[in-house]
Amino acid sequence: MESNNGTPDSISSVIPGWFSEISPMWPGEAHSLKVEKILFQGKSDYQNVMVFQSSTYGKVLVLDGVIQLTERDECAYQEMIAHLPLSSIPNPKKVLVIGGGDGGVLREVSRHASVEKIDICEIDKMVVDVSKEYFPNVAVGYDDPRVSLHIGDGVAFLKAVPEGTYDAVIVDSSDPIGPAQELFEKPFFESVAKALRPGGVVCTQAESIWLHMHIIEDIVANCRQTFKGSVNYAWTTVPTYPSGVIGFMLCSTEGPTVDFKHPINPIDADDSHVKTNGPLKFYNSEIHSAAFCLPSFARKVIDQKRIDEVPYI
Ligand SMILES: NCCCCNCCCN
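Along each chain, numbering runs from 1 in the same order as the chain's sequence is written. Per-residue local features of the predicted model are confined to residues with pLDDT of at least 70, and side-chain atom pairs are confined, for both listing and counting, to 80 or more; whole-chain, interface and lining totals are unaffected and use all residues. Hydrogens and water are ignored here; the side-chain numbers use all heavy atoms of the structure.

J.: Hey, could you run me through the packing of aromatic side chains in this one?
T.: To describe a pair of aromatic rings, you give the distance between the ring centres and the angle between the ring planes. Here the aromatic set is Phe, Tyr and Trp, taking the six-membered ring for Trp, and pairing holds for ring centres within 6.5 Å; pairs whose planes are under 30 degrees apart are stacked, those over 60 apart are edge-to-face, and all others are tilted. Inspection of every chain in the model, using the stated rule, returns six aromatic pairs. For the pair Tyr77 and Tyr241, a centre-to-centre distance of 5.6 Å together with 80° between the ring planes defines the contact as edge-to-face. Highlighted residues: Tyr77 in helix 1 (residues 74-86) and Tyr241 in the loop between strand 11 (231-237) and strand 12 (245-252), separated in sequence by 164 residues. Think of it in three bands: residues with accessible area under 20% of the maximum for their type are buried, residues over 50% are exposed, and the middle band is partly exposed, with areas taken using a 1.4 Å probe on protein chains only. Relative accessible area serves as the criterion here: at 4%, Tyr77 is assigned to the buried category. A relative accessible area of 9% places Tyr241 in the buried class. Clustering of aromatic rings is evident, with ring pairs tying together Tyr77, Tyr241 and Phe248. Numbering of helices and strands runs from the N terminus, with a helix taken as a DSSP run of H or I at least four residues long and a strand as a DSSP run of E at least two residues long.

The following block contains the structure:
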């Protein structure tokens, strides 16, 4: 059976007027969004930057052809990557964000009243500028006076950080091809561990259990060798990310024990941030704990890494 444009009904090919997210990171599939209008297209020193108005997900930020956020579902990612670590430790004071140039993670970190200082190191100034212009409800994170923006390479920034500086580091990176590649490698995790105080926490973007178990396996192995506290994988649903899910690696350094699965400082128990930042749309304490429940196929691989590393006695 054929459609009225002559192509078989089962094949809808790449349709003019739609954005299709095609990448070697998810071969053989491409999620598409209908484009109402392209609002911005530019080329920075690091990547192609595009913003378009979609029919169903609001405005969309795309870097090198890959969706970074949409107005409709960004809350699911930004709230989880920020509150999974910060709700797991008492009174976080100093927080570093690597990447995250759109400002959404800053918006979420600033909900925590105990936080005194928020550093952000983003490599691409164009991402910051474009977000401020087209995504004011995301880039609002920059308005917080506790925020200091550093434009530069996150790897170099971390190397220069004095040992034990931060309570939490959040790595809001794009995928590990292009400018973010080094943020998935062991030397980077070692710099993060050094920058954290004892019992400090890191939460890093850790891809999809449906598409990237091989990458996750490597991240888990590197993190188990580097972080001597706890090492956990959590995940959330983001409809416009490849496979509709994305995960986070949550680790702590040696020191006071961190039990990531049971938040001791849940941000949803305190309403004081709602006046300035608006209500949380996605995160709550129940979804925090649930995020660490893994499907059996992923649990097998992630837990196997732990068994492999227990030395024979
Ligand atoms: N596959 C895309 C992963 C993007 C993760 N970073 C998004 C940045 C939002 N602050």
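J.: In this structure, what is going on with the nonpolar core? I would like to understand it.
T.: Note on soluble globular proteins: their nonpolar side chains tend to be buried together. What is meant by a nonpolar core is a set of buried Ala, Val, Leu, Ile, Met, Phe, Trp, Tyr and Cys residues, joined one to another through side-chain atoms within 4.5 Å. Core analysis: the biggest nonpolar cluster contains 41 residues, and Ile98, Val169, Phe188, Phe227 and Met249 have the highest contact counts within it. Counting residues per element, this core draws most heavily on helix 7 (residues 213-226), at six residues. Should any heavy atoms of two residues lie within 4.5 Å, those residues are counted as being in contact. Setting aside residues up to four positions removed in sequence, Met249 forms contacts with Val202, Cys203, Thr204, Ala206, Ile219, Val220, Cys223, Val231, Asn232 and Tyr233. One finds Tyr142, Ala234, Val238 and Phe248 within the second-largest nonpolar core, a separate group that totals 38 residues.

J.: For this particular structure, what's the right way to read the sheet that holds strand 1 (residues 18-20)?
T.: Consider a sheet: its strands pair through backbone hydrogen bonds, and that pairing is either parallel or antiparallel. Taking strand neighbours across the sheet as the criterion, the five strands line up as 1-2-3-4-5 in an open arrangement whose pairing is antiparallel. The sheet is open, and its two borders are formed by strand 1 and strand 5 (66-70), each paired with just one other strand. In this sheet, neighbouring strand axes are inclined to one another by 40° on average, regardless of whether the strands run parallel or antiparallel. Bridge count for strand 1 against strand 2 (residues 32-43) is three bridges, and the pairing is antiparallel. Each residue of the ladder has a partner; that of Phe19, found in strand 2, is Leu33. Axes, fitted as lines to C-alpha atoms, cover a helix only where it is in contact. Angles between the N-to-C directions of the axes lie from 0 to 180 degrees. Of the strands in this sheet, strand 2, strand 3 (48-54) and strand 4 (59-63) touch helix 3 (residues 125-134), which is tilted by about 125° from strand 2. At least two bridges found by DSSP between two strands is the condition for calling them paired.

J.: Any chance you could explain the site of the ligand here in plain terms?
T.: Contacts to the ligand come from 13 residues, most closely from Gln78, Asp102, Asp172, Ser173 and Asp175. Pairs of N or O atoms are called polar contacts if they sit within 3.5 Å, as long as, within protein, a hydrogen donor faces a hydrogen acceptor (for residues adjacent in sequence, only side-chain-to-side-chain pairs). Between Ser173 and the ligand, the recorded distance is 3.0 Å, taken from a backbone N or O atom to a nitrogen atom. Under the convention used here, a 1.4 Å probe and the Shrake-Rupley method define accessible areas, while residue burial counts only the protein chains that appear. Look at the ligand: alone it shows 340 Å² of surface, and the protein chains cover 98% of it. The set of elements that each furnish at least two residues to the shell around the ligand consists of strand 5 and helix 1. The element best represented in the shell around the ligand is strand 5, accounting for three residues. Partitioned by chemical class, the residues of the shell around the ligand number six nonpolar, four polar and three charged. Distances are taken per atom, and a residue is near a molecule or strand as soon as one of its heavy atoms is within 4 Å of it. Nonpolar residues are Ala, Val, Leu, Ile, Met, Phe, Trp, Tyr, Cys and Pro. Charged residues are Asp, Glu, Lys and Arg, and all others, Gly as well, are polar.

J.: Would you take a moment to explain helix 6 (residues 186-195) for this structure?
T.: The α-helix advances 3.6 residues per turn, and as a result positions three or four apart in sequence lie on the same side. Buried residues of helix 6: Phe188, Phe189, Ser191, Val192, Ala193 and Ala195, and no others. Those residues of helix 6 that are buried lie in contact with strand 6 (94-99), helix 5 (154-159), strand 9 (166-172), strand 10 (196-205) and helix 7.

J.: Any chance you could explain the UniProt feature "active site" (unreviewed entry) in the protein here in plain terms?
T.: UniProt positions are given in the numbering used here, feature names are shortened, and annotations may be inferred rather than shown by experiment. Per the UniProt record, the feature "active site" (unreviewed entry) sits at Asp172. For Asp172, the position within the fold is in strand 9. Residue classification places Asp172 among the buried positions, given a relative accessible area of 8%. Look past the residues within four positions of Asp172 in its chain and what remains in contact with it is Tyr77, Gln78, Ile81, Ile98, Gly99, Gly100, Asp102 and Val105. Reaching out from Asp172, the side chain makes a polar contact with the side chain of Tyr77 at a distance of 2.6 Å.

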